[in-house]
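Chain by chain, the residues run as shown.
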Number of protein chains: 2
Amino acid sequence: MRAAVIDGKAVAEELRADVRTEAQKLSELGWSPRLVSVSVGETAAAELYVRNQQKQAESAGVEFEARNYPAETSLEQLIGILQGLNHDPRVNGIIIQRPLPEHIPVKALQKAVHPLKDVEGMHPASIGNIVYNDLALGPCTAVAAVEILKTLPLQMEGLNVTVIGHSEIVGKPIAFLMMGLGATVTVCHHMTRSVAMHSRAADAVFVAVGKPGLVTGDMIKPGAAVIDIGINRVETPDGPRTVGDADFESCAEVAGWITPVPGGVGPVTVATLMKNAVLATRMQMDHYRDSYARTNV
Amino acid sequence: MRAAVIDGKAVAEELRADVRTEAQKLSELGWSPRLVSVSVGETAAAELYVRNQQKQAESAGVEFEARNYPAETSLEQLIGILQGLNHDPRVNGIIIQRPLPEHIPVKALQKAVHPLKDVEGMHPASIGNIVYNDLALGPCTAVAAVEILKTLPLQMEGLNVTVIGHSEIVGKPIAFLMMGLGATVTVCHHMTRSVAMHSRAADAVFVAVGKPGLVTGDMIKPGAAVIDIGINRVETPDGPRTVGDADFESCAEVAGWITPVPGGVGPVTVATLMKNAVLATRMQMDHYRDSYARTNV
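An unreviewed UniProt entry lists chain A under the name Bifunctional protein FolD, from Shimia haliotis. In UniProt, chain A has this text filed under Function (unreviewed entry): "Catalyzes the oxidation of 5,10-methylenetetrahydrofolate to 5,10-methenyltetrahydrofolate and then the hydrolysis of 5,10-methenyltetrahydrofolate to 10-formyltetrahydrofolate."

What follows is the structure in structure tokens.
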């Protein structure tokens, strides 16, 4: 193996240290960052995820309240609840846990979160601000993947980047974040004629598709960075395992750097959620102070 | 010359015919589409542009009111004016004419236009909705360029597209719009190491940079489509001329299709503004009816 394996937990810990410092400052200003997690129905998978977020929040100095509503809650009721949270000054960020019951369209809830409290970076206005390159709150996974690439000794300006997967919350935001850093970006997806043609030309490959082993070593330029965002449960002779979208062994033979799954982008994503929490809190503080200043001119 | 020259005026006229029909329908429903153009200060160039929009609006069955405010109008006053227009049900679309006086940041005004009245498609939420691939009101120039490509006998799914220029209002939106159609998109810009490497691999090249002659025939794959969005005034021995970013003669030798400048993307852009006007009017009608229905349940 020639590739350096990127330690996502270490990157996340550094990020959390910054968040702790900022959270401390904000608390001293009377704006202690506070997240509210909204989940609907009984979902064991989500609960595990929420408990992890809660743990990370506490270690980052961010208050975290997990709310669970019964599966039969209506869309109108949930939007009412979100509007309440939007108007509550003691709530600085709102997380909508997936999966949701079938009668609840996730986008409708995401659009109901006030952009200033959109710590998941899912509101159309948040996404639009990425395009406008004034990144307020970005989608956590995309921001995390880019933050990891930025820790490598690569010049982002002019870097040839291929993004495999064009989802609204991961692939496309990564593309626009990288463009904002000056990279030349190609976005591939299931309709792309030859993904390998594009991935082999890239100095850095992001893959976020959800297909184990989709990217193999022969698709990677020697020395390139492979940032693997996939999280797939697979059955192996030794029982079930969690793997990414890249075939780790063959890619690690060719790549210069590679993120493992688990332990790569995942931990940094949760740390990014906490970073968004302190960013959102500061934006809200500034917003309230501006309005206050204006009304008193 | 081997390339077929795309007649933008013809594409625009077809688009306007659809707009006329839709505008007629809306008028019969009591929702006659109406645009308000806001310009600030004396700008001869803008006036010419506004008169052209007015002419196009009339021929498309869209009412058009041109407002001009004195150069010394403050940002706060202008935002107040926009908020008034946002709340006026007889106004369906707001156009902010550039250039603006130096003390007026254009983005601040664009963000002050209600997304439902954002016929120029400049609001962050409008841009975000393009990323989310539910195109409500898109930036006119980008939408126009893509509409022109769609008139060609090309399969958009899997098409290799290179966009040269990554501005927020043209290059990036073209990239998402093409991704939404299933194309594999590469975005190049001034930091790209080799634009030719990417443009030669493309079945369709969009160029929107503002550099006359930037794209030459040797950068184009034989038979590819060249959509030229540049508008540049240049001095020639025979006096000043308007040219695009592509060197028309050499590109036309190689390309399968090419848009002329003038007479290519330009006319379609104005027609797209009118299309956005009727789209916005229908969205507002549906929005008011929904709210009305809900309050009467």
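Caption draft 1: Just the pairing of strand β3 (residues 63-69) of chain B, in detail. Residue and element names in this part refer to chain B. Direction of pairing for strand β2 (residues 34-40) relative to β3: parallel, over a ladder of seven bridges. Looking across to β3, one finds that Val36 is bridged to Glu65. In this fold, β2 hands off to helix α2 (residues 44-60), which returns the chain to β3; that crossover is right-handed.

Caption draft 2: Seen up close, the interface of chain A and chain B. The interface of chain A with chain B comprises 38 residues on the first partner and 38 residues on the second. Of the roughly 3300 Å² buried at the junction of chain A and chain B (both faces included), carbon and sulfur atoms supply 57%. Run the count over chain A and chain B and you get two salt bridges. The residue Asp203 of chain B makes a salt bridge to Arg193 of chain A at a minimum N-O spacing of 3.0 Å. Our count for the chain A to chain B interface comes out at 13 residue pairs in polar contact (both at pLDDT 80 or more). Every element with two or more residues in the side of chain A that touches chain B is listed here: α4 (106-112), α5 (124-131), α7 (171-180), β6 (184-188) and α8 (195-199) of chain A. With six residues, the top contributor of residues to the side of chain A that touches chain B is α5 of chain A. Note that β6 of chain A and strand β6 (residues 184-188) of chain B share three bridges and pair antiparallel. Residue pairing in the sheet places Val185 of chain A in a bridge with Val187 of chain B of β6 of chain B.

Caption draft 3: Fine view of the domain arrangement of chain A. The domain architecture assigned to chain A consists of domain 1 (30-114) and domain 2 (139-265). A straight line from the C-alpha centre of domain 1 of chain A to that of domain 2 of chain A covers 29 Å.

Caption draft 4: Here's a closer look at the sheet that holds strand β4 (residues 93-96) of chain B. All names here are of chain B. The strand order across the open sheet formed by three strands is β3-β2-β4, and the pairing between neighbours is parallel. A single partner strand is all that each edge strand has here, and the edge strands are β3 and β4. Ignoring which end each strand starts from, the neighbouring axes of this sheet average 20 degrees apart. Sitting on the sheet, α2 touches β2, β3 and β4, and the angle it makes with β3 is about 160 degrees.

Caption draft 5: Fine view of the UniProt feature "domain: Tetrahydrofolate dehydrogenase/cyclohydrolase NAD(P)-binding" (unreviewed entry) in chain A. The sites that carry the UniProt feature "domain: Tetrahydrofolate dehydrogenase/cyclohydrolase NAD(P)-binding" (unreviewed entry) are, in the present numbering, residues 139-283 of chain A. Structurally, residues 139-283 of chain A is divided into 36% helix and 21% strand, and its ends, taken at the C-alpha atoms, are 17 Å apart.

Cut-off values and rules
- Residues numbered from 1 in each chain as written.
- Chains lettered and ligands numbered in written order.
- Predicted model: local features only at pLDDT ≥ 70, side-chain atom pairs only at ≥ 80, totals over all residues.
- Heavy atoms only, no water.
- UniProt positions renumbered as here; feature names shortened; annotations may be inferred.
- Pairing = 2+ DSSP bridges.
- Helix = DSSP H or I, 4+ residues; strand = E, 2+ residues; numbered from the N terminus.
- Right-handed = clockwise from strand over helix to strand, strands pointing away.
- Contact = heavy atoms within 4.5 Å.
- Buried area = accessible area lost by both parts, 1.4 Å probe.
- Salt bridge = Lys/Arg side-chain N within 4 Å of Asp/Glu carboxyl O.
- Polar contact = N/O pair within 3.5 Å; in protein donor to acceptor, adjacent residues only side chain to side chain.
- Domains from an automatic or database assignment.
- Axes fitted to C-alpha atoms, helices over the stretch in contact; angles between N-to-C directions.

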